[in-house]
Every structure is written in structure tokens, then in C-alpha cells.
Amino acid sequence: MNIRETLKEKQRIVIKIGTSSITHEETGALNLTKLEVLIRELSDLKNMGKEVVLVSSGAIAVGKQTAGLKKRPTEIARKQACAAIGQAKLMMIYQKLFAEYGQTAAQILITKNTMVNDTSRKNAYNTFEELLRMGAIPIVNENDTVSTYEMQFGDNDTLSAIVAALIHADLLILLSDIDGLFTDDPHQTKNAKFISLVENLDESLIQMGKGSSSSVGTGGMATKLSAAKIATSAGADMLIANGKDFHIIHRIMNGLNFGTLFLENKDENFHLIDYLKKM
């Protein structure tokens, strides 16, 4: 069997979308056409019997645009205020669109403290399990409104990998503004070669991470490779692909050759709590 064909069998799937994938570059406002496609794709995965978790960036960017700010805020209080405005708007739209396809969306906001603390981590796991049993689609984001610098994940690539590890997901898909992993930054180097499959994520590959060209997101290629290390060590396959067209989701799940696929390489010595404490 072609290795990509195995993706058809994945049952518990975490999908992470970056800010640049759901907003208009010109204005920073939500791209409702793309969001409709995303919701239809995720709803169809549910109709196929899959369990789906969405990790969605975009709260600060949407809040900034809603509040009429021209630049992404840098002051903590203003960033957190924008997150409060934007997260509410995002969830309102997600719930409305998912409801049109007969799906129920649920919000889960997490800080690093949620994961580090044994009791709250177990509670988070139990909440995910119950929501998935109920047939809901959990929508996850970092709780930017209250998190302090010391308790931040810093980017949703890392957060999505931690969520995948926590709930024992089969597959993590990171959708961003790049096609996958290259031997060099394709925005800077014409001869950069695309890497379709990574069977073993070693140190030489991790060193390839040089950051993203996106001006609205926080995670570059380095964070995606870090996420791959977490997810694959926890026993999940991971895929980095371009979120320019969300139809790519069903193409990936049908076994077509899009993005860079990192094969799971379960490490019995990997413990999520130990990793979190080192962050």
C-alpha cells in the first residue's frame, strides 16, 4: 500500500490553520469564502465517521481588524483585548457555519498551565473525550486573553501538536502559507528542493527550519518541525501543507500526494509533561 493511502484509515484528526489561511491579506478581515470551504471539509470528515479537532489561530488578527487598528498590537493589554474581541467573533462565525452543516462547535481555550498542572491536564483530556463522544468539533486556541508570557505556548503549531499528543490523535495536519518542508527557504532560494516524506525527523532536518514569510502568523518552519517532533514521538503522523485552498483537506485524506508527511515514530520515553516542563 502507498504510504499516503494509510491516511484514509486515520480516525482522530487534529487540523491546525494559521491566521494567514483564514484572513484577507489586504485587510486582515476574515475570508468568509475560505471559512465556508473549511467548515464544509471538516463537516464531511465528520460525516465519514472521523473525529475532528480544529486548532484555529486568528483571534488577535480578527480583533485588531474589528477594533479598527492598523497594525498588530505589541502591548500585552491591547493584544489581549484584541484576542477577547476576535475570539468571540471567530466562535460566533464558526458556530453559525458549522450549524448550517448540522455540526456542533465547542470552544476550548488553553494555556500552558492547563497542560503542566496534572489535574487540569486530566480535566482537559476528559473534556476532549466527552466532546468527541458527543459528536462535537472542539475548536482550540491558546487563551491569549489571560495568558502571561511565562505561560504561553507562543504559537499554535506547538499547541496543536500538544493537543494531538494529549488526545492520542492519529494524524495532525498543519495548514499554513507554505507547501511543506524544503531543503532551504523557497522564498529565498530558487534551488530549494521539496521534501515529500520524512521517515525519521533527525537533527539535520530540524536545522532546516528558517521561519515563514507570513506577516500575520507567529509560527515559522522551525515551530512546525518542533511540532512534528512532538506529534511523531507521541505516535501521530503529521503533515505540513498549504492552506491556500482548504479543499486540500479531502485530497490529503484521500491519499493524494500533497504536503510533507512525517511518519509517526512513537518514542516510549516521550512524556508530554516532561516536554512541557522544559518549554
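Above this note sits the structure.
Residues numbered from 1 in each chain as written. Predicted model: local features only at pLDDT ≥ 70, side-chain atom pairs only at ≥ 80, totals over all residues. Heavy atoms only, no water.

Visitor: What exactly am I supposed to notice about the pattern of salt bridges here?
Guide: Note on pairing: side chains with opposite charge can pair once their charged atoms come close. If you walk through the whole model with that rule in mind, you get 9 salt bridges. When the shortest N-O distance is used, the salt bridge between Lys224 and Asp157 registers 3.0 Å. One end of the pair, Lys224, is in helix α9 (residues 221-234); the other, Asp157, is in helix α7 (residues 156-166), with 67 residues separating them in the sequence. When its relative accessible area of 0% is taken as the criterion, Asp157 is described as buried. Close ionic contact of Arg251 with Asp245 constitutes a salt bridge, the shortest N to O distance being 3.5 Å. Among the charged side chains, a salt-bridge network with shared partners connects Arg12, Glu51 and Glu129. (Salt bridge = Lys/Arg side-chain N within 4 Å of Asp/Glu carboxyl O. Helix = DSSP H or I, 4+ residues; strand = E, 2+ residues; numbered from the N terminus. Buried < 20%, exposed > 50% of the residue type's maximum accessible area, 1.4 Å probe, protein only.)

Visitor: Hey, could you run me through unusual backbone geometry in this one?
Guide: For His168, which is not glycine, the phi dihedral falls at a positive 60 degrees. Looking at where His168 falls in the secondary structure, it is placed in the loop between α7 and β5 (171-176).

Visitor: Which parts of the structure should I look at to understand the sheet that holds strand β1 (residues 12-17)?
Guide: The strands that make up a sheet pair up through hydrogen bonds in the backbone, lying either parallel or antiparallel. With mixed pairing, 8 strands are arranged side by side in an open sheet as β3-β4-β2-β1-β5-β9-β10-β8. In the strand order of this sheet, the two ends are held by β3 (105-110) and β8 (197-198), each with one partner. Summarising the sheet, β1 and β5 pair through 5 bridges and their orientation is parallel. Counterpart to Lys16 in the pairing with β5 is Leu174. (Pairing = 2+ DSSP bridges.)

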